[in-house]
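For reference, the chains in residue letters:
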Amino acid sequence: MTLAEFPDDWQTALCVVAHPDDLEYGTAAAVAQWTAAGKSVSYLLATRGEAGIDGMPPEEAAPARAQEERDGAAEVGVDRVDFLDDFSDGVVEYGLPLRRGIAAHIRRVRPDLVVTTTFEEFFPGGFANQADHRAVGLATIDACADAGNRWIFPELIGEGLEPWGAVRYVAIAGSTTPTHYIDVTDTFDLGVASLEAHRLYNEGLGTDFPSPRELLTQILGMEHLREYGEKVWAPQLVSRR
């Protein structure tokens, strides 16, 4: 494959995912590069990951994992992390409520770039993609259009959220058909630190699971991407303008 260099003609990004730690599996290293360059990046999570730790009840896991996400975001220069309140970890469904929630937030923060995760059934390498990831990824794509149309979710106007149709790009991380790349070699360690901030979640994965550094080396150091850098983030990029 031949990848193009990721565009730089934008200033504000919103990253939308399902769970705490989703962004830390590679994307955070790109975020660190953006914030270091003076770009504004914020996060929106559909859930607080309350079903993600087998040995911790959801009512305890939710605040703990939300804080770990804030801590991980801070490692890469992000100080705004928001959560949707109407969806539960593990049972997020694609549909109008999810589209509305994401569209409302897009209108609120008015990004040039929206980043989400793949809604394909499988990741590169053949690993199955989790249901929440698929629902949120697809809803995010649709919400970018919803955010710019005043006749879709018209009640948002009454909430003071005017349409925002200026999302220029949507980047889809984990796609099996990447189109663009960022060499994140210089911010790789910050990406590792961001994933390491999810201490309770990582401990719950067990000792046989790869360490954050080992895992990110696998994800960002794939052999077929080596011509673009030692560590590479390679999303599918959709231009909307």
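Up top you'll find the structure we're talking about.
Here's what I pulled together on the structure shown here.

Calculation rules
- Residues numbered from 1 in each chain as written.
- Predicted model: local features only at pLDDT ≥ 70, side-chain atom pairs only at ≥ 80, totals over all residues.
- Heavy atoms only, no water.
- Pairing = 2+ DSSP bridges.
- Helix = DSSP H or I, 4+ residues; strand = E, 2+ residues; numbered from the N terminus.
- Axes fitted to C-alpha atoms, helices over the stretch in contact; angles between N-to-C directions.
- Contact = heavy atoms within 4.5 Å.
- Core = buried A, V, L, I, M, F, W, Y, C linked by side-chain atoms within 4.5 Å.
- Buried < 20%, exposed > 50% of the residue type's maximum accessible area, 1.4 Å probe, protein only.
- Polar contact = N/O pair within 3.5 Å; in protein donor to acceptor, adjacent residues only side chain to side chain.
- 1 Å grid on protein atoms, 1.4 Å probe; cavity = no way out; pocket = protein on both sides within 12 Å on 5 of 7 lines; lining within 4 Å.
- Points joined across faces, edges and corners; volume = space filled by probe spheres on them.

Below, the discussion takes up the sheet that holds strand β5 (residues 113-117). Spatially, the six strands line up as an open sheet ordered β4-β3-β2-β5-β6-β9, and their pairing is mixed. The open sheet has two free edges, formed respectively by β4 (81-83) and β9 (236-239), since each of these has just one partner strand. Sheet twist, expressed as the average angle between the axes of neighbouring strands with direction ignored, equals 20°. One ladder, built from six bridges, connects strand β2 (residues 12-17) with strand β3 (residues 40-45); its direction is parallel. Bridging from a neighbouring strand, Cys15 pairs with Tyr43 of β3. Seen against the sheet, helix α2 (residues 58-75) touches β3 and β4 and runs at an angle of roughly 150° to β4. Relative to the sheet, helix α3 (residues 96-109) contacts β2, β3 and β4, its axis offset from that of β2 by approximately 160°.

On to the nonpolar core. As a rule of thumb, soluble globular proteins bury nonpolar side chains together. Membership of the largest hydrophobic core comes to 35 residues, with the highest contact counts inside it found for Phe6, Val31, Trp34, Val41, Tyr43, Leu113 and Trp233. The biggest single contributor to this core is helix α1 (residues 27-36), with six residues. Excluding residues within four positions of it along the chain, Leu113 makes contact with Phe6, Trp10, Thr12, Ala13, Leu14, Trp34, Tyr169, Ala171 and Leu237. Val16, Phe87, Val92 and Ile106 belong to the second-largest nonpolar core, a separate cluster that totals 29 residues.

In this section: helix α6 (residues 188-196). If you check which residues of α6 are buried, you get Phe188, Gly191, Val192, Ala193, Ser194 and Leu195. In this fold, the buried residues of α6 make contact with α1, α2, α7 (199-204) and α8 (212-220).

What follows covers the side chain of Thr47. Here Thr47 is to be found in the loop between β3 and α2. The exposure class of Thr47 is buried, given its relative accessible area of 1%. Among the polar contacts made by the side chain of Thr47, one reaches the main-chain amide nitrogen of Gly49 at a distance of 3.1 Å.

Let's shift gears to the environment of Glu230. Looking at the secondary structure, you find Glu230 in the loop between α8 and β8 (232-233). On a C-alpha basis, the gap between Glu230 and Phe188 in space is 9.7 Å, while along the polypeptide they are 42 residues apart. With residues up to four places along the chain from it excluded, the contact list for Glu230 reads Asp183, Thr185, Leu220 and Gly221. Within the local environment of Glu230, its side chain forms a polar contact with the side chain of Lys231, the two groups lying 3.1 Å apart.

Empty space within the largest pocket amounts to approximately 1100 Å³. Taken together, 38 residues make up the lining of the largest pocket; nearest its centre are Tyr25, Phe123, Phe127, His133 and Ile219. Of all elements in the fold, only α8 and β8 reach the threshold of two or more residues within the lining of the largest pocket. Among the elements that make up the lining of the largest pocket, the one with the highest residue count is α8 (four residues).

This part is about the sheet that holds β8. Strand order in this open sheet of three strands is β1-β7-β8, and the pairing throughout is mixed. Every interior strand has two partners, whereas the edge strands, β1 (4-5) and β8, have only one. Contacting β7 (180-183) and β8, α1 runs over the sheet at an angle of about 70° to β7.

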